[in-house]
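If you want the building blocks of each chain, they are given just below.
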Protein chains: 2
Amino acid sequence: MIKAAILGHGTVGSGVYEVFEMNADKIACVAGEPVEIKYVLDLRDFSSLSYGHKFVSDFAVIENDPEVTVVAEVMGGVGAAYEFTRRCLLAGKSVCTSNKELVATRGDELLKIAEEKGVNYMFEASVGGGIPIIRPMLRCLAANEFNEICGILNGTTNYILTQMIHNGVTFADALRQAQLSGYAEKDPTADIEGHDACRKICILSNLAFGDKFDPDQVSCEGISGVTLEDVASAEKLGCVIKLIGRAVRNEDGTAYAYVAPHLIPKENLLASVEDVFNAIMINGNATGDVMFYGKGAGKLATASAVAADMLDCIEHAGHRLRISWGNGSKNLLRPIDTLQSAWYVRFRGDRKTIEAMLPVESLAEPTEGMLIARTSKLPTVDMEKKIARLGECGEVCAAMRIL
Amino acid sequence: MIKAAILGHGTVGSGVYEVFEMNADKIACVAGEPVEIKYVLDLRDFSSLSYGHKFVSDFAVIENDPEVTVVAEVMGGVGAAYEFTRRCLLAGKSVCTSNKELVATRGDELLKIAEEKGVNYMFEASVGGGIPIIRPMLRCLAANEFNEICGILNGTTNYILTQMIHNGVTFADALRQAQLSGYAEKDPTADIEGHDACRKICILSNLAFGDKFDPDQVSCEGISGVTLEDVASAEKLGCVIKLIGRAVRNEDGTAYAYVAPHLIPKENLLASVEDVFNAIMINGNATGDVMFYGKGAGKLATASAVAADMLDCIEHAGHRLRISWGNGSKNLLRPIDTLQSAWYVRFRGDRKTIEAMLPVESLAEPTEGMLIARTSKLPTVDMEKKIARLGECGEVCAAMRIL
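Residues numbered from 1 in each chain as written. Chains lettered and ligands numbered in written order. Predicted model: local features only at pLDDT ≥ 70, side-chain atom pairs only at ≥ 80, totals over all residues. Heavy atoms only, no water.

> Could you give an account of the overall build of chain A, naming the residues involved and the relevant values?
Check the secondary structure of chain A and you find 14 helices and 17 strands. Over its C-alpha atoms chain A spans a radius of gyration of 23 Å, differing by no more than 12% from the 22 Å that the globule rule assigns to 403 residues. Counting only C-alpha atoms, chain A reaches 75 × 45 × 35 Å along its principal axes. Looking at chain A as a whole, 59% of its 403 residues qualify as buried. A separation of at least 24 residues holds for 72% of the contacts in chain A among residues at least 6 apart in sequence. As presented, chain A carries roughly 15100 Å² of accessible surface, and 47% of it is formed by carbon and sulfur atoms. One finds the centroid of the 40 positive side-chain charges in chain A at a distance of 2 Å from the centroid of its 53 negative side-chain charges. (Helix = DSSP H or I, 4+ residues; strand = E, 2+ residues; numbered from the N terminus. Rg over C-alpha atoms; globule rule 2.2 N^0.38 Å. Buried < 20%, exposed > 50% of the residue type's maximum accessible area, 1.4 Å probe, protein only. Contact = heavy atoms within 4.5 Å. Areas by Shrake-Rupley, 256 points an atom, 1.4 Å probe, with all protein chains shown as cover. Lys, Arg positive; Asp, Glu negative; His and termini not counted. Charge placed at Lys NZ, Arg CZ, Asp CG, Glu CD.)

> Can you break down the sheet that holds strand β5 (residues 94–97) of chain A residue by residue, with the values?
Residue and element names in this part refer to chain A. Pairing in this open sheet of 6 strands is parallel, and the strands run β3-β2-β1-β4-β5-β6 from one edge to the other. For this open sheet the edge positions go to β3 (55–56) and β6 (121–122), each flanked by a neighbour on one side alone. Here 5 bridges tie strand β1 (residues 2–7) to strand β4 (residues 68–73), and the two strands are oriented parallel to one another. Residue pairing across strands places L7 opposite E73, the latter belonging to β4. Where helix α12 (residues 299–315) meets the sheet, it contacts β1, β2 (35–41), β4, β5 and β6, and its direction lies at approximately 160 degrees from that of β5. (Pairing = 2+ DSSP bridges. Axes fitted to C-alpha atoms, helices over the stretch in contact; angles between N-to-C directions.)

> Just give me the short version of the sheet that holds strand β4 (residues 68–73) of chain B, but keep the residues and values in it.
Judged by pairing direction, the sheet is parallel, and its 6 strands sit side by side in the order β3-β2-β1-β4-β5-β6 (chain B) without closing on themselves. At either margin of the open sheet sits one strand with a lone partner, and together these are β3 (55–56) and β6 (121–122) of chain B.

> Which residues make up the relation of the copies chain A and chain B, and what are the values?
The transform that puts chain A on chain B rotates by 180 degrees and translates by 0.0 Å along the axis, for an RMSD of 0.0 Å. Such a combination of turn and shift is consistent with a two-fold rotation axis. Minimal C-alpha separation from the rotation axis in chain A is found for F292 of chain A, amounting to 2.5 Å. (Least-squares fit on C-alpha atoms with pLDDT ≥ 70 in both.)

> Go over the pattern of salt bridges with me, naming the residues and quoting the values.
Going through the model one piece at a time under the given rule, you end up with 54 salt bridges over all chains. A salt bridge links K54 of chain A to E36 of chain A, with the nearest nitrogen and oxygen atoms 3.6 Å apart. Pair noted here: K54 of chain A is in the loop between β2 and β3 and E36 of chain A is in strand β2, with a separation of 18 residues, a long-range link. Note that R249 of chain B is salt-bridged to E145 of chain B, the shortest N-O span being 4.0 Å. Highlighted residues: R249 of chain B in strand β9 (residues 239–249) and E145 of chain B in the loop between α6 (134–140) and β7 (146–152), separated in sequence by 104 residues. Salt bridges here are not isolated pairs; linked through shared partners, they connect E124, R135, D309, D312 and E315 of chain A together with R139 of chain B. (Salt bridge = Lys/Arg side-chain N within 4 Å of Asp/Glu carboxyl O.)

> An account of helix α7 (residues 155–167) of chain A is needed here, citing residue identities and associated values.
One turn of the α-helix equals 3.6 residues, which is why residues spaced by three or four share an orientation. Residues and elements named next belong to chain A. Taking 1.5 Å as the rise per residue, α7 with 13 residues should run 18 Å; its terminal C-alpha atoms sit 17 Å apart, in good agreement. Most of α7 sits inside the fold, with 10 of its 13 residues counted as buried. Restricting attention to buried positions, one finds in α7 the residues G155, T156, T157, N158, Y159, I160, L161, T162, Q163 and M164. For α7, the side-chain oxygen to backbone nitrogen distance between the N-cap and T156 is 3.2 Å, and the N-cap itself is N154. (Expected span 1.5 Å × (residues − 1). Polar contact = N/O pair within 3.5 Å; in protein donor to acceptor, adjacent residues only side chain to side chain.)

> Any chance you could break down the interface of chain A and chain B for me, citing the residues and the numbers?
The partner chain B presents 48 residues to the 49 residues of chain A that form the contact. Along the contact surface separating chain A from chain B lie 4 salt bridges. Between D312 of chain A and R139 of chain B there is a salt bridge; the shortest N-O distance is 2.8 Å. Our enumeration of links across chain A and chain B arrives at 18 residue pairs in polar contact (both at pLDDT 80 or more). Of all the secondary structure elements, the ones that give two or more residues to the side of chain A that touches chain B are α1 (11–22), α2 (24–31), α6 (134–140), β11 (277–284), β12 (288–295) and α12 of chain A. Per-element accounting of the side of chain A that touches chain B gives the leading share, 8 residues, to α12 of chain A. In the side of chain A that touches chain B, the residues fall into 28 nonpolar, 11 polar and 10 charged. Pairing of β12 of chain A with strand β12 (residues 288–295) of chain B involves 5 bridges; the strand directions are antiparallel. Bridged to V290 of chain A within β12 of chain B is G294 of chain B. (Nonpolar A, V, L, I, M, F, W, Y, C, P; charged D, E, K, R; others polar.)

> Could you give an account of empty space enclosed by the protein, with specific residues and numbers?
Counted under the stated rule, the structure contains 2 cavities of 30 Å³ or more. Computed from the structure, the largest cavity encloses a volume of approximately 250 Å³. Looking at the largest cavity, it is lined by 25 residues, and the ones nearest its centre are R135, R139 and D312 of chain A together with R135 and R139 of chain B. Those elements that place two or more of their residues in the lining of the largest cavity are α6 and α12 of chain A together with α6 and α12 (299–315) of chain B. Its residues assigned to classes, the lining of the largest cavity shows 12 nonpolar, 2 polar and 11 charged. Approximately 30 Å³ is the volume attributed to the second largest cavity. (1 Å grid on protein atoms, 1.4 Å probe; cavity = no way out; pocket = protein on both sides within 12 Å on 5 of 7 lines; lining within 4 Å. Points joined across faces, edges and corners; volume = space filled by probe spheres on them.)

> An account of the packing of helix α4 (residues 80–90) of chain B against helix α5 (residues 100–117) of chain B is requested, with residue identities and associated values reported.
All names here are of chain B. Look at α4 against α5: their axes get within 9 Å of each other, and the N-to-C directions meet at 15 degrees. Relative to α5, α4 is oriented roughly parallel. Two packed elements cross with a definite hand, and for α4 against α5 that hand is right-handed. Here α4 contributes A81, Y82, T85, R86, L89 and L90 to the contact with α5, which in turn contributes L102, R106, E109, L110, I113, A114 and K117. (Parallel < 35°, antiparallel > 145°, perpendicular 65-115°, else oblique. Left-handed = near helix turned anticlockwise from the far one by under 90°.)

> So what about the packing of aromatic side chains? Which residues, and what values?
Tallied over the entire structure, the rule returns 19 aromatic pairs over all chains. Between Y51 of chain B and F55 of chain B, the ring centres sit 5.9 Å apart and the planes meet at 25 degrees, which makes this aromatic pair stacked. Residues Y51 of chain B and F55 of chain B agree in their burial class; the two are buried. Residues F209 of chain B and F213 of chain B carry aromatic rings whose centres are separated by 5.8 Å and whose planes lie at 50 degrees to one another, so their mutual orientation is tilted. For the pair formed by F209 of chain B and F213 of chain B, the shared burial category is buried. Among the aromatic residues, those joined into a cluster by ring pairs are Y17, F46, Y51 and F55 of chain A. Seen from the ring of Y258 of chain A, R401 of chain A lies directly overhead, with NZ or CZ sitting 4.9 Å from the centre. (Phe/Tyr/Trp six-rings, centres within 6.5 Å; stacked < 30°, edge-to-face > 60°. Lys NZ or Arg CZ within 6 Å of the ring centre and 35° of its normal.)

> Please set out the side chain of N99 of chain A residue by residue, giving values where relevant.
Residue and element names in this part refer to chain A. One can find N99 in the loop between β5 and α5 (100–117). A distance of 3.3 Å separates a polar atom in the side chain of N99 from a polar atom in the side chain of E73. Of the polar contacts made by the side chain of N99, one reaches the backbone nitrogen of L102; its length is 3.0 Å. Ignoring any residue separated from it by four or fewer positions in sequence, one finds N99 in contact with E73, G76, G77, A81 and S126.

> I'd like to hear about unusual backbone geometry, residue by residue, with values.
A positive phi angle, close to 50 degrees, is found at D275 of chain A, a residue other than glycine. Note that D275 of chain A resides in the loop between β10 (255–265) and β11. Owing to a relative accessible area of 34%, D275 of chain A belongs among the partly exposed residues under this scheme. Located in the positive-phi region is N331 of chain B, a residue other than glycine, with phi close to 50 degrees.

> Which residues make up helix α11 (residues 228–236) of chain B, and what are the values?
Residues and elements named next belong to chain B. Within α11, burial applies to D230, V231, S233 and A234. Down the axis of α11, the smallest arc covering the buried residues is 165 degrees, so these residues share one side. Next to the buried residues of α11 lie α7 (155–167), β9, β10 (255–265), β13 (340–348), β15 (370–375) and β17 (395–402). Residue G238 follows α11 closely and has a positive phi angle near 75 degrees. (Arc of directions from axis to C-beta.)

Encoded structure:
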């Protein structure tokens, strides 16, 4: 009998327990023997649960129990979660997590401790919830150099945008609806301002390029500025608006990484990814484009990814999986100033002005005085300057990259 | 320096060599040291190649060289490929392959030998070419019971159907085009009659359900009977036609597995998978639907999947990955007689007749006397009987499942 522990009994934590109960037979088959969740760490009172006797409030009980070899950290945050993860690893226990904030900000350090102690720190669930992505990148695409990663990494914002696109709901109403449905938190900032997607594109970039991409350094724009007018304009250009996290490798080994709303042409598969679903497109230099799609969040989906990591640790006990990245000292992140993109611009003003100031490829005037332009590709910094100057001759209502 | 060998220098074999050359730095980084392809086995003369000196025509050279620890079998077929794979495994060498025919027909036996010898037999490239699918199923979804697998598993037929759907090309012309583009072989039977997709759905079923699904026992229908009239009728029903390999688990642990053309509603993501691309949707009882998408064939894509397996063998030398399935004695395959599906039927005859004989949910008459029906769900065997009787009262031009 293998013994495990769960740190935190929130949505994902209770889901991990449920997965181990629900699929006990399958899990025993994969692990080679049954797996028992010996402890659940939570300060709240869960004594009425059928497994209430497993709850402990003192982390040291788990830390000091040599029987426990693998631990799920599903508390979230970077305070206690960091401290407990570190202590578990130091105590020779493998740790599996869905905590993207912790992986993105201190993953390098925790992976180093794991390496020194010969245990594993795994985080399949930290990107894309239940969608397999970390392991396929590391293993199945191991013989590729990664050229690009481009994904819909946040389910909440994708739900909101889907409501705006298909039901003509305003951003504010769609957000309220997402909160009522449990898809958005009371304080939705991390989702709608793109911080959650930013942590995820950083984790994927760390893995793809081998050095730390700091979320604080990565350009990050959310969707709170997207309007129904933009949704309608995108439709006219044969596109839908999606919040995209993207990393693009340059020939010199540096990479762009950023989060921003984009116009996605409808023939791109990412345009068909709706509601709370996520999808991540990866381009490898041998394999071309591959895409991974599924529910990016949700109790059991995320929990089953944590559980699968735990099973991997159990099956490979005593054998470390080679995962690591540098501490950021290689400075691989290139500012997006020089990133070339085609742009969508919505401008209230004169047709001749916008044609003179932007490299316009197509121009429409759906209502008198409101112009929708699509530009050829140009560097971000040039576009920003042009937009500033354009703003002096009229009103720039919106400017977004086209994928 | 790690030494490897490649059996067969066809499209995939030469691709494997190319991937090891092209991404040598990345590969050395993953493997922990450089990997050298010491031998390439092929009977043909490749002496003019820069690596012509590595070619051998005698398999025993590779078999008897203890330096070679991992071998790529990319010859295809079940004759010499089987014999050489068996002998490599018996000689304590891990084998990685893209040979779906061999994996589907003798995988159980070869995995058993690998287990006995403490080496690996891996076949990520056998399904979906460069798309990660085997490993994600085995590892990332390890904590799930699999409810359903449903995929576009053959690029050639998807290319042909895409030509028919978007360009109004007949089946015969689209096939000719596919052959000219190198997407279809001179003898296209294995692709267009669904045998290739059948082997792949069998491999996925073996992995998902743990016992051998014999391709010879699995119901298999190709696309040679699909006409432009069917394509147009599908469009009227809001669908596109795709060749689908599908496996569905029943509550008693048995499973349906079959290959057949289906009408796919356009809101289903599989409907947007075009040209030579493949996509595989998997439903796990915890994770819900996840989908994997990419090029299902092609030299470098497939080769990079073989190379990734080889890297996994190298990194886990001396440590076996738990992959196996039974020899088929559990008889998990359930005949599709009882499988419930909604159907599309194209019928030349009387409206009252078809309404009386089928559980029609919607009926259209695009041209006088030609009826397009969509039925409610009913078991295959009932449908077959009804179709036979309907054929006595008019002409049943087509009948296909709706996904």
